[in-house]
Amino acid sequence: MKRNHTMMQFFEWHVDADGAHWKRLSERAPELKKKGIDSVWIPPVTKGSSPEDTGYGVYDLYDLGEFDQKGTVKTKYGSKEDLLEAMGVCTQNGVGVYVDLVMNHKAGADETERFQVIEVDPNNRTKDISKPFEIEGWTKFNFPGRGNTYSSFKWNHTHFNGTDYDASEDRTGIFRIASNEEGWDENVDDEFGNYDYLMFANIDYRKPEVREEMINWGKWMIDTLQCNGFRLDAIKHINHDFVKQFANEMIKKRGQDFYIVGEFWKPDLASCQKFLDTVDYQIDLFDVSLHYKLHEASLAGKAFDLTTIFNDTLVQTHPTHAVTFVDNHDSQPGEALESWIDDWFKPSAYALILLRQGGYPCVFYGDYYGIGGDNPIPSKQAAIDPLLAARYHHAYGDQIDYLDHPNTIGWVRCGVAEIPHSGCAVIIGNGENGEKRMCVGKERAGQTWYDITGNQEETLTIEEDGCANFTVKGGSVSVWVEQVQDQESDDQKQESEA
């Protein structure tokens, strides 16, 4: 019997720029595996525009912390040697690694070029607000520290269709490159009229040489790192047909098990469904709509109707193509898409993604290990660990929903014979103390169950009809599981069997 799969986003925005993050991954991978986390999404491994760059200001795709460029050999996260060592440790411990790829733009160019542009309205990129004029733009990438190692491709303004800075006037704006007669790529999201342009020098995927170079690079990454998958950044802004082509080529290169998840940051469910259709379901998407429902629930408290929590979410309509998450590096406080889920609701939110049948849940590093920076946020590991244990040992089998009360919802997982003592009853409340009669099976009559979260101290007994009145404290979650005489040794026995 295969155990449930769980991913961790192994970084947050303010991870120390000490060049030691890959070493942290090496140290923590064995422990994560024991907790039931069997894959990690790691931050961009490529050289950014500065030693502190998180990797999203991507400079050189072929520099994994190997060449002296942009004031550093290491990336923010460490050296190429440290990265390869961490990949090896993860593989030895049965932890898959998904590498974050930033393919929408390039930053930190080596030289400027002069070329014609047309300025556009930032709120409607289809509307020109200037005649063609010349700017001095940072668009020439020569990679002097790397030279032609791994690739001889050099980037210039003909490979981009937009930029945001005129060095000659020290002025920012959204400038469409006029020599690119096709204008913006139409095969992108239609927010702001056309959302091809996001930031820095915007890569134009209608150029055959650009497509060829980026596909070659993706294959090079697979060969170099022997990774298990990719997380694709900002795909809303990238030619959707190229995303499909890229995914197809990577899966062909590495095999059907090669996993790809895309960041299509849009809560509108229809747009997500349309994108999945476009890419032939070769990739999964993060369930942004569910994240915003969780955020809304955390702000509204008991005014939020919990029976609607999964309405219009990807996990409800496409459960096998949804990566469910509570928060991430963009939604954390102070970041671009801040929509941080309040502490009181966070354990309930994790129960909603970890203990149900649908979706591939992703635990956020910032929740598990805490957030750094000027306004640190403590770790919630003590609250998340029991939920991970419930997922690994108990959340199996058929699911019976009791999503029937605006302030108290629950569900039962019936368990499977192959995993002893599996099965659980989950109850979540956002108002007063709650109670729900749920049935876990007549064969469980007489069993003693306890709340693995510790939120409820008393135990309960399953009645003759296989049901019981499961309780929850207001504003919390309880996860009821069978009490075993020697729970710890039983867990260890299950782990060794797994």
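Starting from 1, residues in each chain are numbered consecutively following that chain's sequence as written. A pLDDT threshold of at least 70 governs which residues receive local features in this predicted model, and a stricter bar of 80 or more applies before side-chain atom pairs are shown or counted, although totals over entire chains, interfaces and linings include all residues. For the side-chain quantities, the full set of heavy atoms in the structure was used; hydrogens and water were omitted.

(A) Quick look at the side chain of Glu249. Secondary structure follows DSSP: runs of H or I at least 4 residues long count as helices, runs of E at least 2 residues long count as strands, and numbering of each begins at the N terminus. By the secondary structure assignment, Glu249 is in helix H4 (residues 240–254). Any residue under 20% of the maximum accessible area for its type is buried, any over 50% is exposed, and the rest in between are partly exposed; the area is computed with a 1.4 Å probe on protein chains only. Residue Glu249 is classed as buried on the basis of its relative accessible area of 19%. Should any heavy atoms of two residues lie within 4.5 Å, those residues are counted as being in contact. Beyond its immediate stretch of four places on either side in the chain, Glu249 contacts Ile215 and Lys219.

(B) Layout of the pattern of salt bridges. Salt bridge, as used here: a side-chain nitrogen of Lys or Arg that lies within 4 Å of a carboxyl oxygen of Asp or Glu. Taken as a whole, this structure holds 29 salt bridges when the rule is applied. Measuring nitrogen to oxygen at the nearest pair gives 2.7 Å for the salt bridge that ties Arg146 to Asp60. Of the two residues, Arg146 sits in the loop between strand E9 (133–140) and strand E10 (160–166) while Asp60 sits in strand E4 (residues 58–60), which places them 86 residues apart along the sequence. Pair check on accessibility: Arg146 and Asp60 agree, each one buried. One salt bridge connects Arg231 with Asp233, and the closest N-O pair in it is separated by 2.9 Å. Across this residue pair, the class does not change: Arg231 and Asp233 are buried. Bridged by salt links that share partners, the residues Asp100, Arg231, Asp233 and Glu263 form one connected network.

(C) Representation of the environment of Arg211 in the model. Along the polypeptide, Arg211 turns up in helix H3 (residues 208–225). As a C-alpha pair, Arg211 and Lys2 span 209 residues in sequence and 38 Å in three-dimensional space. Leaving out residues up to four positions away in the same chain, Arg211 has contacts with Tyr205, Asn239, Asp241, Phe242 and Gln245. For this analysis, a polar contact is any N or O atom pair within 3.5 Å, provided that within protein one partner can donate a hydrogen and the other can accept it, and provided that sequence-adjacent residues contribute only side-chain to side-chain pairs. Of note is the side chain of Arg211, whose polar atom sits 2.8 Å from the backbone oxygen of Tyr205.

(D) Just the layout of surface pockets, in detail. Quantified by volume, the largest pocket comes out at close to 930 Å³. For each structure, a 1 Å grid was placed over the protein atoms alone; sets of points admitting a 1.4 Å probe that cannot get out are labelled cavities, open sets with protein on both sides within 12 Å along at least five of seven lines are labelled pockets, and lining residues have an atom within 4 Å of a point. Lining the largest pocket we find 31 residues, and of these Arg3, Asn4, His5, Asp38 and Tyr360 sit closest to its centre. Secondary-structure elements contributing two or more residues to the lining of the largest pocket are strand E5 (96–101), strand E17 (360–364) and helix H10 (381–393). A breakdown of the residues in the lining of the largest pocket according to their chemical character gives 10 nonpolar, 11 polar and 10 charged. Grid points are joined across faces, edges and corners, and a volume is the space filled by probe spheres set on the points. Of the pockets and cavities examined, the second largest pocket occupies roughly 420 Å³. Leu198, Met199, Asp330, Ala336 and Leu337 are, among the 19 residues lining the second largest pocket, the residues nearest its centre. Taken together, the residues of the lining of the second largest pocket break down into 10 nonpolar, 3 polar and 6 charged. Amino acids outside the nonpolar list (Ala, Val, Leu, Ile, Met, Phe, Trp, Tyr, Cys, Pro) and the charged list (Asp, Glu, Lys, Arg) are all regarded as polar, and Gly is one of them.

(E) Expanded view of H10. With 13 residues, H10 should cover 18 Å at 1.5 Å per step; its first-to-last C-alpha distance of 18 Å lies within 8% of that length. Here H10 has its buried residues at Ile384, Pro386, Leu387, Leu388, Ala390, Arg391, Tyr392 and His393. To estimate how far a helix should reach, multiply one less than its number of residues by 1.5 Å.

(F) Quick look at the sheet that holds strand E23 (residues 460–461). Reading across from one edge, E18-E19-E20-E25-E22-E23 is the order of the 6 strands in this open sheet, with antiparallel pairing throughout. Sheet topology places strand E18 (399–402) and E23 at the edges, where each strand pairs with a single neighbour. Whether two strands pair depends on DSSP finding at least two bridges between them.

(G) Examining the state of the cysteines more closely. By definition, disulfides here are pairs of cysteine sulfur atoms that lie within 2.5 Å. The final tally for this structure, using the stated rule, is 1 disulfide. In this model Cys439 forms its disulfide with Cys467; the gap between the sulfur atoms is 1.9 Å. On the S-S bond that ties Cys439 to Cys467, the torsion sits near 90°, and the link is right-handed. Here Cys467 lies in strand E24 (residues 467–472) and Cys439 lies in strand E21 (residues 434–439), a separation of 28 residues in the sequence. Residue classification places Cys439 among the partly exposed positions, given a relative accessible area of 28%. Look at Cys467 and you get buried, because its relative accessible area is 5%. As a non-bridged cysteine, Cys362 has Cys90 as the owner of its nearest cysteine sulfur, 14 Å distant.

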